[in-house]
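Architecture at a glance
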Amino acid sequence: MSLIAPSILAADFAHLERDVKMINASAADWIHLDVMDGVFVPNISFGMPVIEAIKRHAAKPLDVHLMIVQPERYIETFRKIGADVITVHLEASTHLHRTVQQIHATGAQAGVAINPHTSVDLLEDVLAQIDLVCLMSVNPGFGGQKFIERTYEKVRRLRTLIQKTGSQAKIEIDGGVNSENAPQLLAAGADVLVAGNFVFAAANPREVIARLKGQQVA
Ligand code: DX5
Ligand code: ZN
C-alpha cells in the first residue's frame, strides 16, 4: 500500500496546529516539510523553529525535504528538532555519499531528491545506501504547479534500477500529485505520494487524503 505525505507548504501557516491535527486524524502516513533557502530554489519557505513547533503536535513521522545548498551543514540540527526522514538534493550535494552516511549516523532515514532534468541513472552508485528517492515531478520551489508527465517514465526506470542494485529505497513523487495521476504513478512503481495543494485546497482535506490512500493502481 502506498504512503501519503501531505505537504505543509500548502497548509494555512496561521493555523498550523489545526492543520497538523487534521493530518494526525487522517489516513496520511507522513508529514512532508519543504525547507527552501532562496538560493537552491528561488523561494524561501520555513526553517527550524517552525518544524520544531510542528513536531510538538505531530503524531506522524516528519519527512523533511531540504531544498537548500550545502545541506550537510544542517543534518544534525534537523534530526534534533524531530526529522524522521531527511532528504537532500543530489544537485546540492558535492559529496552525496558522505551526506547519506551523515544522515544515517543521526538515526534518520536518508532520502535523495532529483530535479526533473536529472537522470535517475545518476543515482545508481548510491541507491543501495539510501531509504528513499524523491522524484521531483515539478521544478522545486513552489506548490501548486503542473505535474510533469515525463515522471512516469522516470519512475519505471528507477524501479528497474532499484531492483538491479538490490536497493530497498522507496520511490516518492513530489509535485502536482492528484487523483488523476496517482493511479498511474502507483502502477509505474511509486511508493510515497506527496500532495500539497490537492489536499489543502479541498473542502474536505481528510476525505482527499483517504481517497489518495485508497487509490487503486491504474
Ligand atoms: C515543491 C515542494 C512540494 C510541494 C508540493 O518544491 O517540494 O513538496 O509542496 O506541492 P503541490 O502538491 O501543490 O505541487
Ligand atoms: Zn517537497
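Let me sum up the structure you'll find in this document. (Residues numbered from 1 in each chain as written. Chains lettered and ligands numbered in written order. Predicted model: local features only at pLDDT ≥ 70, side-chain atom pairs only at ≥ 80, totals over all residues. Heavy atoms only, no water.)

1. Re the coordination of the zinc ion (ligand 2)
The protein atoms that coordinate the zinc ion (ligand 2) are H32 (NE2), D34 (OD), H65 (ND1) and D174 (OD), at distances spanning 2.0 to 2.3 Å. Geometry at the zinc ion (ligand 2) is octahedral, judged from the six donor atoms that bind it and their angles of 70 to 168 degrees at the metal. Read in sequence order, the donor residues coordinating the zinc ion (ligand 2) give the pattern H-x1-D-x30-H-x108-D. One end of the pair, H32, is in strand β2 (residues 31-36); the other, H65, is in strand β3 (residues 62-67), with 33 residues separating them in the sequence. Look at H32 and you get buried, because its relative accessible area is 0%. (Donors = N, O, S within 2.8 Å, 3.2 Å for Na, K, Ca; no water. Tetrahedral: all angles 85-135°; square planar, octahedral: opposite > 155°, others 65-115°. Helix = DSSP H or I, 4+ residues; strand = E, 2+ residues; numbered from the N terminus. Buried < 20%, exposed > 50% of the residue type's maximum accessible area, 1.4 Å probe, protein only.)

2. Some points on the packing of aromatic side chains
The full count for this structure, using the stated rule, is two aromatic pairs. Between the aromatic rings of F13 and F46, the centroid separation amounts to 5.8 Å while the plane-to-plane angle is 80 degrees, which identifies the pairing as edge-to-face. Taken as a pair, F13 in the loop between β1 (3-6) and α1 (16-24) and F46 in the loop between β2 and α2 (48-55) lie far apart in primary sequence, 33 residues in all. Judged by its relative accessible area of 43%, F13 is partly exposed. When the centroid spacing of 5.3 Å and the interplanar angle of 50 degrees are considered together, the rings of F147 and Y152 count as tilted. Under the relative-accessibility criterion, F147 is labelled buried at 7%. (Phe/Tyr/Trp six-rings, centres within 6.5 Å; stacked < 30°, edge-to-face > 60°.)

3. Observations regarding the site of ligand 1
Around ligand 1, 20 residues are found, and the nearest of them are S7, D34, G141, D174 and G196. In the model, an oxygen atom of ligand 1 is placed 3.3 Å from a nitrogen or oxygen of the H65 side chain. Contacts to ligand 1 include G141, whose backbone N or O atom sits 2.8 Å from an oxygen atom. Relative to its free-state accessible area of 380 Å², ligand 1 is covered by the protein chains to the extent of 99%. When each cavity is represented as a set of grid points, ligand 1 is found to reside in the largest pocket. Looking at the shell around ligand 1, the elements with two or more residues in it are β2, β3 and β8 (192-195). Top contributing element to the shell around ligand 1 by residue count: β2, with three residues. Split into classes, the residues belonging to the shell around ligand 1 amount to eight nonpolar, 10 polar and two charged. (Near = heavy atom within 4 Å. Polar contact = N/O pair within 3.5 Å; in protein donor to acceptor, adjacent residues only side chain to side chain. Areas by Shrake-Rupley, 256 points an atom, 1.4 Å probe, with all protein chains shown as cover. 1 Å grid on protein atoms, 1.4 Å probe; cavity = no way out; pocket = protein on both sides within 12 Å on 5 of 7 lines; lining within 4 Å. Sits in = over half its atoms within 2 Å of the grid points. Nonpolar A, V, L, I, M, F, W, Y, C, P; charged D, E, K, R; others polar.)

4. Re the environment of K60
The topology assignment puts K60 in the loop between α2 and β3. According to the relative accessible area criterion, K60 is buried, its value standing at 15%. Taking the C-alpha atoms as reference, K60 lies 20 Å from H104; in sequence the two are 44 residues apart. Polar contacts involving the side chain of K60 include one to the main-chain carbonyl oxygen of N24, which spans 3.5 Å. Engagement of the side chain of K60 in a polar contact is seen with the backbone oxygen of S26, the distance being 2.8 Å.

5. Description of the nonpolar core
By size, the foremost hydrophobic cluster in this structure holds 61 residues, and its most contacted members are I8 and I173. Ranked by residue count, the leading element in this core is helix α5 (residues 151-165), at five residues. Among all residues touching I8, those that are not within four sequence positions of it are F13, L16, V20, I23, I31, H32, L33, F46 and I54. Judged by nonpolar contacts, the second largest core, of seven residues, contains L3, L132, V192 and V194. (Core = buried A, V, L, I, M, F, W, Y, C linked by side-chain atoms within 4.5 Å. Contact = heavy atoms within 4.5 Å.)

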